[in-house]
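Residue-level structural notes
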Amino acid sequence: MAAKKTITLEQVRSANRRPERQTETLIGLGLNKLGRTSTLEDTPAVRGMLKKVQHLVQVVEGK
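About the cut-offs
Residues numbered from 1 in each chain as written. Predicted model: local features only at pLDDT ≥ 70, side-chain atom pairs only at ≥ 80, totals over all residues. Heavy atoms only, no water. Helix = DSSP H or I, 4+ residues; strand = E, 2+ residues; numbered from the N terminus. Contact = heavy atoms within 4.5 Å. Core = buried A, V, L, I, M, F, W, Y, C linked by side-chain atoms within 4.5 Å. Buried < 20%, exposed > 50% of the residue type's maximum accessible area, 1.4 Å probe, protein only.

Next up on the list: unusual backbone geometry. Although it is not a glycine, Arg 17 sits at a positive phi angle of roughly 60°. Looking at where Arg 17 falls in the secondary structure, it is placed in the loop between strand E1 (6-11) and helix H1 (20-28).

Here it is in C-alpha cells:
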C-alpha cells in the first residue's frame, strides 16, 4: 500500500485585519500564529483551504 501524500504549511503572514473567515481557515489548517508549521494529508479539502489563504501561508519543501 502506498504512503499517503502530505503537505507541510508554514504561516508567514499575520491574520490580523483579515476577514474572520480567513482566520477560521488558518485555525482549521492548524495554524494561528506566525512561524507555526502544520503537516496535513494532501486532500482536495486541504487544497481548497490552502487556496483561500495562500497569501498568508507558504508550502515548505523537503519535509
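Within the secondary structure, Lys 5 sits in the segment before E1. Sequence-wise, Lys 5 and Val 60 are 55 residues apart; in three dimensions their C-alpha atoms are separated by 14 Å. Ignoring any residue separated from it by four or fewer positions in sequence, one finds Lys 5 in contact with Leu 40, Glu 41 and Asp 42.

Turning our attention to the nonpolar core. The tendency in soluble globular proteins is for nonpolar side chains to be buried side by side. By size, the foremost hydrophobic cluster in this structure holds 12 residues: Ile 7, Leu 9, Ala 15, Leu 26, Leu 29, Leu 31, Leu 40, Val 46, Leu 50, Val 53, Leu 56 and Val 57. Listing elements by their share of this core, those giving two or more residues are E1 and helix H2 (44-52). Contacts of Ile 7, omitting those with residues within four sequence positions, involve Ser 38, Thr 39, Leu 40, Glu 41, Asp 42, Val 46, Arg 47, Leu 50 and Val 59.

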